[in-house]
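Residues per chain are reported as follows:
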Amino acid sequence: MSNLNYYICGLLERMRKRAVIIFLLLLSVQSGIAQIHELGVFLGGSNFIGDVGKTNYINPNKLAIGGLYKWNKSSRYAYRLALNYTKLQADDADSGNSARAERGYAFSNRIMEASAGMEFHFWEYDLHTLRRPFTPYIYGGLAALNYRMLYYNTAEGGMSAQERRFSVAFPFGLGVKGEVLPNLVLGAEIIARYTLVNDIDGSNPERDPGVDFTRFGNYSSKDWYVLSGITITYTFGKRPCTSCFE
C-alpha cells in the first residue's frame with residue numbers, strides 16, 4: 001500500500017508540475033496576442049531635396065506606396081515596421097533658381113526602403129475606449145535604403161547609372177491618426193529622410209565610375225527625400241482589459 005501511495009503522490013506531483021508549465025505557456029501566448037496591432041498601407045507622394053531641382057521641403061511630385069505594421073505597446077507609443085517604394089525625380093528647369101535652370105540637370109532614381117521606428121503619441125491613444133481615439137504623433141527611426149548610384153557623364157552630357165547599392169537613412173517627422181470606423185484607423189503624415197549618401201542625384205558619386213565625370217553642388221550636404229501622404233490600417237488583437245496598456 002505504501003508503494004501505491006508513493007506512486008500516486010509522485011504521479012500527482014508530476015501532473016501538478018505539468019499543469020503549471022501548461023498554464024505558464026498559455027499565459028505567455030495570451031500575453032503575446034493580447035496587444036493592439038495595426039496592418040495597412042501608405043499612399044502618397046515623394047519629393048527630393050538635394051543639388052538638382054526644386055529646393056522645397058514638401059513638394060510631392062511622384063507617387064509613393066508602401067505597407068506598414070504597428071504594435072501599440074502603450075497608449076503613448078507604438079513600434080512600427082514599413083516597406084516603401086517610390087521614384088525620386090527632379091529637374092533644374094523646375095527649380096525657379098536661375099543658376100540651376102541655366103545648368104539644366106535632371107535625374108530619376110527608383111527607391112526601395114525598409115524602416116523600423118517608433119511613434120510617440122501626444123495624447124493617450126486607447127483603441128478600446130468607446131470614444132474614437134485620435135492623436136498627433138512624432139516619428140523617428142532607422143531605414144535601409146536601396147537606390148541606383150548616379151553620376152554626371154561629362155562626355156555624354158547627362159546622368160549615367162552605376163549599380164544599385166544599399167545605404168542607411170534616418171526618417172523623422174510628424175503625423176496625426178484616428179479611428180474612423182471600428183478597427184479602421186486613418187492617418188496623415190510627413191516623414192523626411194536624411195541619407196548618408198550624396199549621389200542619388202549624381203552630384204557627388206560615392207564610387208569612381210571609371211569615366212570622365214563632373215562633381216557639382218554642395219559636397220558636404222547629403223541627400224534628403226520626403227514621403228508625405230495617408231495611412232490606412234486595420235486593427236486587430238484584443239487586450240485582457242479595456243485600459244491596460246503596460
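These figures come from a predicted structure and were not determined experimentally.

Re the packing of aromatic side chains
Thinking step 1. One pass over the full model with this rule turns up eight aromatic pairs.
Thinking step 2. Taking 5.0 Å as the distance between ring centres and 75° as the angle between the ring planes, the aromatic pair formed by Phe48 and Phe107 counts as edge-to-face. Taken as a pair, Phe48 in strand S1 (residues 36–49) and Phe107 in strand S4 (residues 106–121) lie far apart in primary sequence, 59 residues in all. In this structure, Phe48 and Phe107 share a single accessibility class: buried.
Thinking step 3. Pairwise contacts between aromatic rings join Trp71, Tyr77 and Tyr79 into one cluster.
Thinking step 4. Here the basic side chain of Arg80 rests over the ring of Tyr139, its NZ or CZ set 4.8 Å away from the ring centre.
Thinking step 5. The ring of Tyr137 has Lys177 sitting right over it, with the charged end atom 5.4 Å from the ring centre.

A short note on the pairing of strand S7 (residues 184–195)
Thinking step 1. Two elements, strand S6 (residues 158–181) and S7, share twelve bridges in a ladder whose sense is antiparallel. Among the inter-strand pairings, Pro171 is bridged to a residue of S7, identified as Arg193.
Thinking step 2. Hairpin remark: S6 followed by S7, antiparallel, with two residues in the connecting loop; positive phi at Asn183, about 70°.
Thinking step 3. As defined by bridge partners, S7 adjoins strand S9 (residues 224–236) across eleven bridges and the pair is classed as antiparallel.

Remarks on the confidence of the model for the protein
Do not read the fine detail of predicted coordinates wherever pLDDT is low.
Thinking step 1. Across the protein, pLDDT averages 86, with 81% of residues at or above 70.
Thinking step 2. Considering only residues more than four positions removed or in separate chains, one finds that residues 26–34, a stretch of pLDDT under 50, has six contacts.

A look at a nonpolar patch on the surface
Thinking step 1. Judged by side-chain polarity, Val41, Leu43, Leu63, Ile65, Tyr85, Met112, Val180, Leu181, Leu186, Ile230 and Ile232 come together as a nonpolar surface patch covering roughly 930 Å² of accessible area.
Thinking step 2. For the nonpolar patch, the secondary structure elements donating two or more residues are S1, strand S2 (62–72), S6 and S9.
Thinking step 3. Looking at where Leu63 falls in the secondary structure, it is placed in strand S2.
Thinking step 4. Residue classification places Leu63 among the exposed positions, given a relative accessible area of 58%.

Quick notes on unusual backbone geometry
Thinking step 1. If you check the backbone angles, Asn183 has positive phi at about 70° while not being a glycine.
Thinking step 2. One can find Asn183 in the loop between S6 and S7.

So, the pattern of salt bridges
Thinking step 1. A full pass over the atoms with the stated rule returns nine salt bridges.
Thinking step 2. A salt bridge links Arg80 to Glu189, with the nearest nitrogen and oxygen atoms 2.7 Å apart. Highlighted residues: Arg80 in strand S3 (residues 77–91) and Glu189 in strand S7, separated in sequence by 109 residues.
Thinking step 3. A relative accessible area of 7% places Arg80 in the buried class.
Thinking step 4. What you see here is one network of salt bridges that share partners, running through Lys70, Arg80, Glu119, Lys177 and Glu189.

What about the environment of Trp123?
Thinking step 1. Structurally, Trp123 can be placed in the loop between S4 and strand S5 (134–153).
Thinking step 2. The partly exposed category is assigned to Trp123, whose relative accessible area is 46%.
Thinking step 3. In this structure the C-alpha to C-alpha distance between Trp123 and Arg76, which are 47 residues apart in sequence, comes to 6.9 Å.
Thinking step 4. Excluding residues within four positions of it along the chain, Trp123 makes contact with Ser75, Arg76, Phe134, Thr135 and Pro136.

Thresholds applied
Residues numbered from 1 in each chain as written. Predicted model: local features only at pLDDT ≥ 70, side-chain atom pairs only at ≥ 80, totals over all residues. Heavy atoms only, no water. Phe/Tyr/Trp six-rings, centres within 6.5 Å; stacked < 30°, edge-to-face > 60°. Helix = DSSP H or I, 4+ residues; strand = E, 2+ residues; numbered from the N terminus. Buried < 20%, exposed > 50% of the residue type's maximum accessible area, 1.4 Å probe, protein only. Lys NZ or Arg CZ within 6 Å of the ring centre and 35° of its normal. Pairing = 2+ DSSP bridges. pLDDT = per-residue confidence, 0-100. Contact = heavy atoms within 4.5 Å. Patch = residues over 30% accessible without salt bridge, like charges linked within 9 Å, V, L, I, M, F, W, Y side chains within 5 Å. Areas by Shrake-Rupley, 256 points an atom, 1.4 Å probe, with all protein chains shown as cover. Salt bridge = Lys/Arg side-chain N within 4 Å of Asp/Glu carboxyl O.

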